[in-house]
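# Working through the structure, step by step
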Amino acid sequence: MFYYVLKYVLLGPLLRVVFRPRIEGLDRVPGTGAAIVAGNHLSFSDHFLMPAVLKRRITFLAKAEYFTGPGLKGRLTAFFFRSAGQIPVDRSGKEAGQAAIREGLGVLGRGELLGIYPEGTRSHDGRLYKGKVGVAVMALRAGVPVVPCAMIGTFEAQPPGRKIPKLHPVVIRFGEPLDFSRYAGMEGEKAVLRAVTDEIVYAILSLSGQEYVDRYAADVKAEEAERAAQGRRFPRLPHR
């Protein structure tokens with residue numbers, strides 16, 4: 001119930017005023033039945049902008065840290081994310097991927113829309129990164145179509161580290177649903193999962209026009225953080 005209060009009364013109208021999103025291809029999202037909406041992830045605002053423009057309720061898998069903060073602020077944050085249709089997923093440990101898949105299949109099993117960011121994390125530089133195969137596993141196991149979605153302009157409106165978004169035009173573009181029924185029963189084959197994932201990411205790339213990086217975003221972030229840490233530990237001496 002509170003999901004629709006956020007969508008139509010509290011948050012949705014505000015998002016439309018701030019971001020003034022232009023929606024393209026909304027009719028490509030199935031009106032009924034289970035489906036996956038797979039999008040690029042450029043901004044914290046993406047979690048809320050896509051649900052605000054969709055006609056149906058959509059559930060996203062979100063990192064567990066949003067739900068485990070201490071004190072009253074933490075409880076309010078957790079309540080807000082749950083009300084906005086987010087499901088917490090622990091991304092640490094060997095079972096993290098399997099837990100996310102179980103949660104996602106539960107949503108699809110109820111005939112609902114599931115929102116996924118194949119990159120697995122927000123892009124820190126606006127580029128599109130290699131997709132993780134969890135989206136392919138869920139699409140094949142559930143036998144559902146995948147609708148690619150491109151968020152355009154949200155990185156400029158609210159890049160990582162910016163708490164308050166600035167006024168910037170945003171486009172939310174949905175592509176034609178992708179049908180992977182030809183791979184039915186092959187979700188255990190690594191080559192098939194990689195092919196399906198790459199096809200989904202390529203569809204997103206075609207919609208967004210981003211620069212593509214054939215590496216996982218989390219790995220690139222970790223390397224850049226390590227280089228920054230080394231720079232702080234071993235600053236360059238001035239030339240004499």
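Here's what I pulled together on the structure shown here. (Residues numbered from 1 in each chain as written. Predicted model: local features only at pLDDT ≥ 70, side-chain atom pairs only at ≥ 80, totals over all residues. Heavy atoms only, no water.)

This brings us to helix α8 (residues 190-208). The end-to-end C-alpha distance of α8 is 27 Å, a good match for the 27 Å that 19 residues give at a rise of 1.5 Å each. Every buried residue of α8 is accounted for by V192, L193, R194, V196, T197, I200, V201, A203, I204, L205, L207 and S208. In the core, the buried residues of α8 are packed alongside β2 (35-39), β6 (128-129), α6 (134-142), β7 (146-152), β8 (171-174) and β9 (212-213). Just downstream of α8 lies G209, where phi reads positive at about 70 degrees. (Helix = DSSP H or I, 4+ residues; strand = E, 2+ residues; numbered from the N terminus. Expected span 1.5 Å × (residues − 1). Buried < 20%, exposed > 50% of the residue type's maximum accessible area, 1.4 Å probe, protein only. Contact = heavy atoms within 4.5 Å.)

All right, on to the environment of F19 then. Mapped onto the elements of the fold, F19 is located in helix α2 (residues 12-19). Its relative accessible area of 2% is what places F19 among the buried residues. The spatial distance from the C-alpha of F19 to the C-alpha of A157 is 7.8 Å, given a sequence separation of 138 residues. Leave out the neighbours within four places in its chain, and F19 touches S45, L49, A157, P165, H168, P169 and V170.

With that out of the way, let us pick up the side chain of K130. As for its placement among the helices and strands, K130 is situated in the loop between β6 and α6. One buried charged side chain, K130, makes no salt bridge at all; its nearest oppositely charged neighbour is D214, positioned 4.7 Å away. When near neighbours in sequence (up to four residues on either side) are disregarded, K130 contacts P118, E119, R194, Y212, V213, D214, R215 and Y216. (Lys, Arg positive; Asp, Glu negative; His and termini not counted. Salt bridge = Lys/Arg side-chain N within 4 Å of Asp/Glu carboxyl O.)

Let us look at the pairing of strand β5 (residues 113-116). The alternating pattern of β5 places L113 and G115 and L114 and I116 on opposite faces, both of which are buried. Bridge count between β2 and β5: four bridges; the pairing is parallel. Within β5, the position partnered with A35 by the bridge is L113. Sheet topology places strand β3 (residues 58-63) next to β5; three bridges connect them, and they run parallel. Bridge pairing in β5 places T59 opposite L114. (Pairing = 2+ DSSP bridges.)

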